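Descriptive analysis of the structure
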Amino acid sequence: MKILVCWIGFTDIRASQGKANGIGPIAQAFETFDFDRAVLLCDSDDAQGQRYREWVAPRTSAEIDLRTEIDLDSPMDFEGIYRAATDALEDVLSESTDDAKPDLTFHVSPGTPVMAAVWIILAKTRFPATVIQSSKDHGAQVLPVPFHLSAEYIADLTRHADERLVEAAQAPTPEDPAFESIIHQCGKMQELLRRARLIAPRHVPVLIQGESGTGKELLAKAIHHASPRKDGPFVAVNCGAIPPNLVEAEFFGAVAGAYTGSKVDRTGHFEEADGGTIFLDEIGEMPLEIQVKVLRVLQERKVMRVGSSDEIDINVRVVAATNRSLFREVNEGRFREDLFHRIAVGILDIPPLRERSGDLDPLVNAILADINDEFGGSDPKELSTPARKAFHRHHWPGNIRELRNTLLRAYIMTSGPRLSGEMVESSLLTFEPGQQELLHRPLDDEFDLEDILNEVKRHYIQRALAETDGVKKRATELLGLGTRQTLSNWMDKLGVDA
Ligand SMILES: Nc1ncnc2c1ncn2[C@@H]1O[C@H](COP(=O)(O)OP(=O)(O)OP(=O)(O)O)[C@@H](O)[C@H]1O
């Protein structure tokens, strides 16, 4: 269903009265494009609108939906124009079904510059649409609007929401033992956890963003345990790992018989999490049709099991996590903007390990202590100096799970009391940024040449320092850098510790 939405402008009215040089922008659009329906907004009197409709209707096969008596204070009344346009669009969308989603076009030429500006804002944010314009010389044509207002607008909104949260709590943050399991030392993690402690006790949804294995679930659990819901359940759901035919039943439950073979009622994850926290991991993978239903559950605080019409009250806090940019997912239409705003109230970005200068040693120590507790019994193992150096030499892109698995592999293979350098080396899965991988990264929105070059520099500086026991003069020679000062400058710039 192709729908044109626009104001009836002065030139259109004059054209219909035979007083303009040409047929006016709306009739021009009808000559170039086919529409099923045209929603025409008229801020002049009803009679004038009706006369225009009679004049323009024979020029198009589109059904004309004329909306008159729109009261504007002035042709520059931003608020009135915005409200009239969004009311009309909400109306149009409410009449549509999922199968017949309207394909919207906004015509920016009829009307005032403020009206044109509002169409562009709406087309790039709440109501994605094609924008067209027309002129006497070139007729009607699509107007390219090649920027992503939506992503910037969302980022800005969320930044403000975030700033407000931080400002609201400049008071010292309560120490909570729930966060003790998150090993850290670097400033970035300290700041992140300060904010997490502020958000945890409030009943606000949280969105945790970070690369795979950086500790998103660990942080989500800590938030739950530091909240008044700590005695309630913590239910973790990996949104990307549920078979499509079961998604609905998994989230909302199902009554016996709703599916072939189901003999008993099934409780959904939202119900399981009642009184506690539901952790929606990889929320970016949630299918769009489930997003609508999750949104409804969050708004109405009720779920309906598949096959039942009874509503069940639920009281859950949502903590969601993603390792992809949800801004981009929203912008590209894969994630609903309204759900994004529902869940992204407190936003926490976990930095990858490569940006956590100083965190490697405490993490290695803590993880080894954990492994010793679990497997060591009365014979705990420790790291030899070469083993520790081997950890420093390795390029850890960001993944703490990988660090843990490497330690565990080395531990299991070591029979004596001390993990050797060779054992650690042989336990490392070589994810080093080899030439192939470095030269074949996708040139997508994430690509940043500067970042890649810095990654390489950081990697070799860390290796040189590890191999020379931190003797900068030697490391400078190994790196072929000329002077020690150059090395120090690079280290400062890249955040590498001596
Ligand atoms: N700061 C930390 N201190 C101690 N252990 C950590 C830390 N961060 C992560 N870990 C450990 O690393 C492993 C991965 O963490 P977690 O599962 O929380 O990551 P994730 O970001 O949720 O991963 P994914 O994106 O794959 O779901 C877990 O064993 C976790 O306990």
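Every chain begins its residue count from 1, and numbering advances along the sequence as written. Note on the predicted model: pLDDT of at least 70 is required for a residue's local features to be given, and 80 or more for side-chain atom pairs to be given and counted; whole-chain, interface and lining totals, by contrast, use all residues.

Strands here are runs of E lasting at least two residues and helices are runs of H or I lasting at least four, both read from the DSSP assignment and numbered beginning at the N terminus. When its secondary structure is counted, the protein chain shows 21 helices and 15 strands. Exposure criterion: with C-beta atoms placed from backbone coordinates, a residue whose C-beta has 20 or more other C-beta atoms within 10 Å is buried, one with 12 or fewer is exposed, and one in between is partly exposed. Looking at the protein chain as a whole, 32% of its 498 residues qualify as buried. For the purpose of contact definition, each residue receives a C-beta atom placed from its backbone, and two residues are in contact when these atoms lie within 7 Å. Put simply, 73% of the contacts in the protein chain that link residues at least 6 apart link residues at least 24 apart.

Attention now goes to helix α11 (residues 288–300). The span expected for a helix works out to 1.5 Å for each residue beyond the first. Between its first and last C-alpha, α11 extends 19 Å over 13 residues, near the 18 Å set by a 1.5 Å rise per residue. One or two steps after α11, the chain reaches Arg 301, where phi turns positive at roughly 55°.

Averaged over all residues, the pLDDT of the protein chain is 84; the fraction at 70 or higher stands at 89%. Confidence scores labelled pLDDT are given residue by residue by the predictor and lie between 0 and 100. Low pLDDT (under 50) marks residues 164–173, which in the prediction has 8 contacts with non-local residues, meaning those over four places away or in another chain. For this predicted complex, the interface confidence score (ipTM) comes to 0.96, while the overall pTM stands at 0.58.

Let us look at the pairing of strand β9 (residues 277–281). Among the 5 residues in β9, 5 count as buried, and that is most of the element. Of the two faces of β9, the one carrying Thr 277, Phe 279 and Asp 281 and the one carrying Ile 278 and Leu 280 are both buried. Two strands make a pair as long as DSSP finds a minimum of two bridges between them. In the sheet, strand β8 (residues 234–238) pairs with β9 via 5 bridges, with the strands oriented parallel. Across the sheet, the residue bridging to Phe 234 is Thr 277, located in β9.

A positive phi angle, near 55°, is found at Glu 69, a position not held by glycine. With respect to the helices and strands, Glu 69 occurs in the loop between β3 (63–67) and α4 (78–94). By C-beta crowding, Glu 69 is classed as exposed, having 10 other C-beta atoms within 10 Å. The phi torsion at Glu 282 lies on the positive side, around 50°, for a residue other than glycine. Judged by the 18 C-beta atoms lying within 10 Å of it, Glu 282 falls in the partly exposed class.

What we call a nonpolar core is a set of buried Ala, Val, Leu, Ile, Met, Phe, Trp, Tyr and Cys residues whose membership is set by joining through C-beta atoms within 7 Å. Among the nonpolar cores identified, the biggest contains 47 residues, and Ala 196, Ile 208 and Ile 223 are the most heavily contacted of them. Among residues more than four places away in sequence, those in contact with Ala 196 are Phe 179, Leu 219, Ala 222, Ile 223 and Leu 348. Counting residues in each nonpolar core, the second largest holds 37 residues, with Cys 6, Ala 38, Val 108 and Val 118 among its members.

Moving on to the sheet that holds strand β12 (residues 317–322). Strand order in the open sheet formed by 5 strands is β8-β9-β12-β7-β13, with parallel pairing between adjacent strands. With one partner strand each, in any of the chains shown, β8 and β13 (346–349) form the two edges of the open sheet. Each strand axis lies, on average, 15° off the axis of its neighbour in the sheet, ignoring direction. Alignment of strand β7 (residues 206–209) against β12, held across 4 bridges, turns out to be parallel. Its bridge partner being in β12, Val 206 is matched across the sheet by Val 319. Whenever a helix is involved, its axis is fitted only over the stretch in contact; in every case the axis is a line through C-alpha atoms, and angles between N-to-C directions fall within 0 to 180 degrees.

On to the site of the ligand. Among the 18 residues in the neighbourhood of the ligand, the closest are listed as Ile 183, Gly 215, Lys 216, Glu 217 and Ile 400. Taken together, the elements giving at least two residues each to the shell around the ligand come down to α8 (216–225), α14 (360–376) and α16 (400–413). When residues of the shell around the ligand are assigned to domains, at least three map to each of domain 2 (151–351) and domain 3 (354–427). Whether a residue is near a molecule or strand depends on its C-beta atom, placed from the backbone, lying within 6 Å of it. Annotation comment: domain bounds sourced from an automatic or database domain assignment.

Helix length check: helix α7 (residues 187–199), at 13 residues, gives a terminal C-alpha distance of 19 Å against a target of 18 Å (1.5 Å per residue), a fit within 8%. By the burial criterion, the buried members of α7 are Met 189, Leu 192, Ala 196, Arg 197 and Ile 199. Down the axis of α7, the sector holding all buried residues measures 160°, keeping them to one side. Residues of α7 that are exposed and angled more than 90 degrees away from the buried face: Gly 187, Gln 190 and Glu 191. Think of it as the arc spanned by the lines of direction from the helix axis to the C-beta atoms.

The strand order β3-β2-β1-β4-β5-β6 describes an open sheet built from 6 strands, whose pairing is mixed. The strands lining the two open edges of the sheet, one partner per strand, are β3 and β6 (139–142). In this sheet, adjacent strand axes meet at a mean angle of 25° when their direction is disregarded. Bridge count for strand β2 (residues 37–41) against β3 is 5 bridges, and the pairing is parallel. Bridge pairing in β3 places Ala 38 opposite Ile 64. In the packing of α4 onto the sheet, contacts are made with β1 (2–7), β2 and β3, and the angle to β2 comes to roughly 155°.

What follows deals with the environment of Ala 62. Among the secondary structure elements, Ala 62 is positioned in the loop between α3 (46–56) and β3. Residue classification places Ala 62 among the buried positions, given that 21 C-beta atoms sit within 10 Å. Ala 62 sits 27 residues away from Phe 35 along the chain, and the two C-alpha atoms are 5.3 Å apart. With sequence-adjacent residues up to four places away left out, Ala 62 is seen in contact with Leu 4, Phe 35, Asp 36, Arg 37 and Ala 38.

With that settled, the discussion passes to the packing of α4 against helix α5 (residues 113–124). Where α4 contacts α5, the axes come no closer than 10 Å and their chain directions differ by 45°. By the angle between their directions, the pair α4 and α5 is classed as oblique. Between α4 and α5 the crossing geometry is right-handed. Here Phe 78, Ile 81, Tyr 82, Ala 85, Thr 86 and Leu 89 of α4 come into contact with α5, specifically with Val 114, Met 115, Val 118 and Leu 122. If an angle is under 35 degrees, it is roughly parallel; if it is over 145, roughly antiparallel; if it lies from 65 to 115, roughly perpendicular; otherwise it is oblique. The handedness criterion is simple: a crossing whose near helix is rotated anticlockwise from the far helix by less than a right angle is left-handed, and one whose near helix is rotated clockwise is right-handed.

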